[in-house]
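# Examining the three-dimensional arrangement
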Amino acid sequence: MRLFPGCVFSLLAFPMVLNAQTFRTLASFNGTDGSLTYYETLAQGMNGNFYGTAERGGTSTACSYNCGTVFEMTPAGKLKTLVDLDLTDGSYPYAGLVLASNEEFYGTTSGGGEHGYGTVFKMTGGGKITPLHSFDSSDGANPWAALVQATNGELYGTTSYGGANAGGYGTIFKITRGGTFTSLHSFDISDGYYPYGTLIQATNGDLYGSTYAGGSGGSGTVFKVTPSGTFTTLHDFAFTDGGYLYGALLEAANGDFYGTTYGGGPSGNAGTIFKMTPAGDLTTLYAFCLQTGCPDGEHPAAGLVQATDGNFYGTTIAGGTSGLGTIFEITPKGVETVLHNFDGTDGETPYGTLVQATDGSFYGTTFYGGPAPGGNGTVYRLSTGLAPFIKTIPTAAKVGDTVIILGNKLSGSTSVTFDGTAATFTVNSSGTAITTTVPDGATTGTVEVTTSSGILSSNVPFRVM
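Read on for an overview of the structure. Throughout, residues of each chain are indexed from 1 in the direction in which the sequence is written. In keeping with the model being predicted, local features are shown solely for residues with a pLDDT of at least 70 and side-chain atom pairs are shown and tallied solely at 80 or more, while totals for entire chains, interfaces and linings include all residues. Side-chain descriptors were evaluated using all non-hydrogen atoms of the structure, hydrogens and water having been removed beforehand.

### Comments concerning the overall build of the protein
- The secondary structure listing takes helices from DSSP runs of H or I that are at least 4 residues long and strands from runs of E that are at least 2 residues long, numbered from the N terminus. Scanning the protein from terminus to terminus reveals 0 helices and 39 strands.
- When we talk radius of gyration, it's over C-alpha atoms, and the globule rule is simply 2.2 Å times the number of residues to the 0.38. Rg of the C-alpha trace for the protein: 21 Å, near the compact-globule value of 23 Å for 465 residues, within the 12% margin.
- Seen through its principal axes, the protein has C-alpha atoms that stretch 60 × 50 × 50 Å.
- Here a residue-residue contact requires only that any non-hydrogen atoms of the pair lie within 4.5 Å. Of all intrachain contacts in the protein linking residues separated by at least 6 positions in sequence, the fraction that spans at least 24 positions is 50%.
- Counting 17 positive and 34 negative side-chain charges, the protein places the averaged centre of each group 6 Å from the other. We score Asp and Glu as negative and Lys and Arg as positive, and we do not count His or the chain ends. By convention, the charge on Lys lies at NZ, on Arg at CZ, on Asp at CG and on Glu at CD.

This is how it looks when you write it as C-alpha cells:
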C-alpha cells in the first residue's frame, strides 16, 4: 500500500532487522463481530482482558450491518462482542477506549448520535453503553481520537472537523464523566487543522497534541493547551521535517516528546520519527524508506509507546518485506529495528498504536487482513521478552485519592507501597487489579506490589500532587 510518491535515499542510518521475536495472531474479525479497527489502542481492563472498537461490521441493521462494534478479548484471543452500535448510540468508532479511574470505559464515535456528527459515550465492563454527548458540528464533528483522563478527573478530546470557525477544521473539548461538555478551542488553519491524534497530559499538567495539516508550513502542527483552554502552537511542520500527523505524541522518561509523521521528512514522503523539547525545538530522529522497497517500513500512522526497556515501539501501515506494514523498535538515539513484517495472513495495515500490557508483551490491531474470510483485520500480540510490571490509573493523584493498579497474578499480594510508603489495598477476585488510595506521607516515585512470586514495579513513576 503506497499513498505517497516513491521514496528517495536518506543519509540517516540503515535499519537493523531482528527475527528473535514471538508474534501471534490472537483474533481475526469476521464482519459480524466487527471489521476494520482503525486508530485503535486496546485498553486493558480490570479483569485482565482487552477492550476495543471496530469501525465497521456488527449485526445492527441501522447502518446495513456496518455501524461498528465494541469488543472484549481475553489474553488468549477469545473475542466477544459487547455492543453492536447503532445510529442512536453513535456509529463508526475510529478510536479506542480509555479506562477511567471510576472503573468505567469512555470512548467516541465518528458518526451517529442525535445530530449525526458523532458522540462521546461511557461503558461498563459488561458492555452497558450510555451516550454522554452528541456533537452538532458547531461544537465539533466526527471525533477520530480517543479520550484522555486528566489529573482533574475530567476527560479531554478532539474532533476532526466542525467547530466555531468557518470551514470546520476541528476542535478541542473537555467533558466530565457525567457528561457536562465544554468547547475549549476551534482550529482555523493558521494553528493547524484536523487534529486526528489523541491528546496526552504531560507531567507539567498541560495537554499536548498535533494536527494533520495547516500551520505556517502547511504540513501540520504540534500544540499544547492548558486544562482550562489556553492554546499555544509549539511547532509548525514544513514537510522537510515531516508532515501529516495522525498519531498521538508521547512524553518520554527524559521529559522530551516523541511522535511520528505520516509523510514528509529527509527521505522523501515516507514519514519520520521525531523528538521535540517542551519548548518546541524539533529533531528528526529517523526517516523511513532508506532502501529501495522500504524494508524498514513507510507511513507510520500510529504514535509510539515507550516500553519498560526505555526503547520506543511503533508500526507502519506500509513497507516491509511484503509492503503491508511493520512493527518496529527504535532506540532514543535513532537506531531502528524491524521486529515483524505483516504478510496479509497475519493482518495488514496496522493503523493502531501499540499498547504494552502488564504481562510485558505488546498488543495491537490491523485494519485489514487475517485468516478469517473477508480480511476484516486482526488483534495480535508481540512478545520480546520484557518482564511483567504494574500500571496505575491515574499516574498522578493527591493523598487520599483512589488509585487502580493493573497487573497479572496479583492474588495473594502482601504489600503495596508508594515510593516506599505502605498503603492499604484490596485485590479483585480475578487477581488482575488492585484498588488502593494514595497514603499519607507518600512521595513521587515507583509504586511496588509484593506478590507471591516477587515484586512488581510500576512502568512510570507515580506523581503525588
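### Structural notes on the sheet that holds strand S14 (residues 181–186)
- On the basis of which strands lie adjacent, the open sheet formed by 4 strands has the order S11-S12-S13-S14 and antiparallel pairing. This sheet does not close on itself; its edge strands, each paired only once, are strand S11 (148–149) and S14.
- Strand pairing requires that DSSP identify at least two bridges connecting the strands. Across 5 bridges, the pairing between strand S12 (residues 155–159) and strand S13 (residues 171–175) is antiparallel. Following the sheet pairing, Gly157 is matched in S13 by Phe173.

### Topic: unusual backbone geometry
- For the peptide bond that leads from Ile393 to Pro394, omega is 0°, which places it in the cis range.
- Take Pro394: it is sitting in the loop between strand S30 (391–393) and strand S31 (396–397).
- With a phi angle near 55°, Lys409 is a residue other than glycine that sits in the positive phi range.
- Along the chain, the position of Lys409 falls in the loop between strand S32 (402–406) and strand S33 (415–418).
- For every residue, the accessible area obtained with a 1.4 Å probe (protein chains only) is divided by the maximum for its type, and the residue is called buried under 20%, exposed over 50%, and partly exposed between those limits. For Lys409, a relative accessible area of 71% gives the class exposed.

### Topic: the pattern of salt bridges
- Only one rule defines a salt bridge in this text: a Lys or Arg side-chain nitrogen within 4 Å of an Asp or Glu carboxyl oxygen. Under the definition given, this model contains 5 salt bridges.
- Residues Glu55 and Arg56 are paired through a salt bridge, measuring 3.1 Å at the closest nitrogen-oxygen approach.
- Classification of Arg56 as partly exposed rests on a relative accessible area of 27%.
- A salt bridge links Lys224 to Asp206; its shortest N-O distance comes to 3.9 Å.

### What about the state of the cysteines?
- In plain terms, two cysteine sulfur atoms within 2.5 Å form what is called a disulfide here. Enumeration over the complete set of coordinates arrives at 2 disulfides.
- Across the disulfide from Cys63 sits Cys67; the S-S distance is 1.8 Å. In this structure, the disulfide formed by Cys63 and Cys67 twists by about 80° around the S-S bond and is classed as right-handed.
- Judged by relative accessible area, which is 11%, Cys63 ranks as buried.
- On the basis of relative accessible area, Cys67 is assigned to the buried category, the value being 1%.

### Describing the packing of aromatic side chains
- Note on aromatic pairs: the rings of Phe, Tyr and Trp (six-membered ring only in Trp) are paired at centre separations within 6.5 Å, and the planes decide the class, stacked below 30 degrees, edge-to-face beyond 60, tilted for the rest. Per the stated rule, a full pass over the model turns up 43 aromatic pairs.
- Ring geometry for Phe135 and Phe173: centres 5.4 Å apart, planes at 65°, overall edge-to-face. With Phe135 in the loop between strand S10 (129–134) and S11 and Phe173 in strand S13, this pair connects stretches of sequence that are 38 residues apart. The burial state of Phe135 is the same as that of Phe173; both residues are buried.
- Arranged with centres 5.4 Å apart and planes meeting at 65°, the rings of Phe342 and Tyr380 form a pair that is edge-to-face.

### Quick look at the side chain of Thr366
- On the secondary structure map, Thr366 appears in strand S28 (residues 362–366).
- Exposure remark for Thr366: the relative accessible area of 0% places this residue in the buried category.
- A polar contact is formed between the side chain of Thr366 and the backbone oxygen of Tyr368, at a distance of 3.0 Å. Counting of polar contacts relies on pairs of N or O atoms within 3.5 Å, with two restrictions inside protein: one atom must be capable of donating a hydrogen and the other of accepting it, and residues adjacent in sequence are counted only when both atoms are side-chain atoms.

### Comments concerning the sheet that holds S10
- Reading across the sheet, the 4 strands line up as S7-S8-S9-S10 and stay open at both edges, with antiparallel pairing between neighbours. Of all the strands in the sheet, the pair left with one neighbour each is strand S7 (98–99) and S10.
- Across 5 bridges, the pairing between strand S9 (residues 119–123) and S10 is antiparallel. Following the sheet pairing, Met123 is matched in S10 by Ile129.

### Some remarks on the nonpolar core
- What we call a nonpolar core is a set of buried Ala, Val, Leu, Ile, Met, Phe, Trp, Tyr and Cys residues that are connected through their side-chain atoms within 4.5 Å. Counting residues in hydrophobic clusters, the biggest one holds 19 residues, and the most contacted among them are Val83, Leu97, Phe105, Met123 and Leu406.
- Looking at this core, the elements with two or more residues in it are strand S6 (79–84), S9 and S32.
- Excluding anything up to four places from it in sequence, Leu406 contacts Gln44, Gly45, Met46, Leu99, Thr358, Phe389, Ile390, Lys391, Ile393, Thr432 and Ala433.

### Here's the deal with the pairing of strand S21 (residues 272–276)
- With respect to burial, S21 is a largely interior element, 4 of its 5 residues being buried.
- Relative to S21, strand S20 (residues 257–261) runs antiparallel, the two sharing 5 bridges. Within S21, the residue paired with Thr261 across the bridge is Thr272.
- As defined by bridge partners, S21 adjoins strand S22 (residues 282–287) across 5 bridges and the pair is classed as antiparallel. Along S22, the bridge assignment pairs Ile273 with Tyr286.
- Joining the antiparallel neighbours S21 and S22 is a turn of 5 residues, in which Gly280 adopts a positive phi near 100°.

### Observations regarding the environment of Gly112
- In this fold, Gly112 is placed in the loop between strand S8 (105–109) and S9.
- Not counting chain neighbours up to four residues away, the residues in contact with Gly112 comprise Leu87, Gly90, Ser91, Tyr117, Gly118 and Thr119.

### Describing the pairing of strand S36 (residues 433–437)
- Sheet topology places S32 next to S36; 5 bridges connect them, and they run antiparallel. Opposite Ile405, over in S36, you have Ile434 as the bridge partner.
- Direction of pairing for strand S35 (residues 425–427) relative to S36: antiparallel, over a ladder of 3 bridges. Directly across from Phe425, in S36, lies its bridge partner Thr436.
- Linking S35 back to S36 in an antiparallel pair, the connection comprises 5 residues, with Gly431 at a positive phi of about 70°.

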